[in-house]
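# Structural overview
Residue-level listing of the chains:
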Amino acid sequence: MTSMSASMMSMTFFTSYSTPIYSSMWTPANIGQYAGTCIFLILLATILRGLLAVKAWKETAWMDAEFNRRYVTVAGKGPKSERISVDSDKERMVLSANGVEEEVFVVKKRSMGTRPWRFSVDPIRACLDTVIAGVGYLLMLSIMTMNVGYFLSVLGGTFLGSLALGRYNTAGEH
């Protein structure tokens, strides 16, 4: 195993088809292997965009489930309707639908509370975040080789992934 000192590392972009990626065992020996490595990086960057879209989709589904969840009234605490009637931030309004009018209270949410930890959501979120971070770090390591072909491959894969799946990622991550 050979080691590189800081003075031997290139800090400028260069073109070479024999740049190792991830380990010395993955060193393209010819143009075909280099092209295969670049195609792999394009696919990996596209997969990252897909994972980000899946995460945004799951977050939306989890939030929808949270809003549709029924809550049980705790002993000693009045029902939500009673608490709303004494809330100082409420506004009395008339709601009209299909010719039927009903008097309602409109209450503003005071703060964005933290959602409770859920076994059905949080481990999946943690695994998804870990895979996203791992793929992102693999892409970062490939760019840190300073190889122009690897860099352009990651950008190309990011473009393709965003073109195909960007509309699903509304979270604005990465």
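Notes on the structure in this doc start here.

## A closer look at the packing of helix α1 (residues 31–68) against helix α3 (residues 122–143)
Packing of α1 against α3 brings their axes to within 10 Å, and their N-to-C directions diverge by 155°. Taken together, α1 and α3 sit at an angle that is classed as roughly antiparallel. The way α1 lies across α3 gives a crossing that is left-handed. For the pair α1 and α3, the contacting residues are Leu41, Leu44, Ala45, Leu48, Leu51, Leu52, Val54, Lys55, Glu59 and Trp62 in the first and Ile124, Arg125, Leu128, Asp129, Val131, Ile132, Val135, Gly136, Leu138, Leu139 and Ser142 in the second.

## Some thoughts on α3
Between its first and last C-alpha, α3 extends 31 Å over 22 residues, near the 32 Å set by a 1.5 Å rise per residue. Among all positions in α3, only Asp122, Arg125, Leu128, Ile132, Val135, Leu139 and Ser142 are buried. Contact partners of the buried residues in α3: α1 and α4 (148–165).

## Considering the packing of α3 against α4
Two quantities define a packed helix pair, namely the angle between the axes and the distance from one axis to the other. Direction vectors running N to C along α3 and α4 enclose 145°, while the axes themselves pass 8 Å from each other. Facing α3, whose interface residues are Leu139, Ser142 and Ile143, α4 presents Tyr150, Phe151 and Val154.

## Looking at α4
Here α4 spans 25 Å end to end across 18 residues, near enough to the 26 Å set by a 1.5 Å rise per residue. For α4, the full list of buried residues reads Gly149, Tyr150, Ser153, Val154, Gly157 and Gly161. End-on, the buried residues of α4 take up no more than an arc of 135°, which puts them together on one face. More than 90 degrees from the buried face of α4, the exposed residues found are Leu152, Phe159 and Leu163. Elements that come into contact with the buried residues of α4 comprise α1 and α3. Sitting at the head of α4, asparagine 147 places a side-chain oxygen 2.8 Å from the backbone nitrogen of glycine 149.

## Quick look at the pattern of salt bridges
Inspection of the entire model under this criterion finds four salt bridges. Residue lysine 55 pairs with glutamate 59 through a salt bridge whose shortest N-O separation is 3.7 Å. A residue pair is termed a helical-turn pair when its members lie 3 or 4 positions apart in one helix, as lysine 55 and glutamate 59 do in helix α1 at four residues. On the accessibility criterion, lysine 55 (9% relative accessible area) is buried.

## Some details on the packing of aromatic side chains
Per the stated rule, a full pass over the model turns up five aromatic pairs. Members of the aromatic cluster, each reached through a chain of ring pairs, are Tyr22, Trp26 and Phe40. Between the NZ or CZ atom of lysine 58 and the centre of the ring of tryptophan 57, over which it lies, the distance is 5.4 Å.

## As for unusual backbone geometry
The backbone of tyrosine 22 sits at a positive phi, close to 70°, despite the residue not being glycine. Examined against the element boundaries, tyrosine 22 turns out to sit in the segment before α1. Look at tyrosine 22 and you get partly exposed, because its relative accessible area is 33%. Of note in this structure, methionine 146 is not a glycine but carries a positive phi near 70°. As for its placement among the helices and strands, methionine 146 is situated in the loop between α3 and α4. Residue methionine 146 is classed as buried on the basis of its relative accessible area, which comes to 17%.

Thresholds, definitions, all that
Residues numbered from 1 in each chain as written. Predicted model: local features only at pLDDT ≥ 70, side-chain atom pairs only at ≥ 80, totals over all residues. Heavy atoms only, no water. Axes fitted to C-alpha atoms, helices over the stretch in contact; angles between N-to-C directions. Helix = DSSP H or I, 4+ residues; strand = E, 2+ residues; numbered from the N terminus. Parallel < 35°, antiparallel > 145°, perpendicular 65-115°, else oblique. Left-handed = near helix turned anticlockwise from the far one by under 90°. Contact = heavy atoms within 4.5 Å. Expected span 1.5 Å × (residues − 1). Buried < 20%, exposed > 50% of the residue type's maximum accessible area, 1.4 Å probe, protein only. Arc of directions from axis to C-beta. Polar contact = N/O pair within 3.5 Å; in protein donor to acceptor, adjacent residues only side chain to side chain. Salt bridge = Lys/Arg side-chain N within 4 Å of Asp/Glu carboxyl O. Phe/Tyr/Trp six-rings, centres within 6.5 Å; stacked < 30°, edge-to-face > 60°. Lys NZ or Arg CZ within 6 Å of the ring centre and 35° of its normal.

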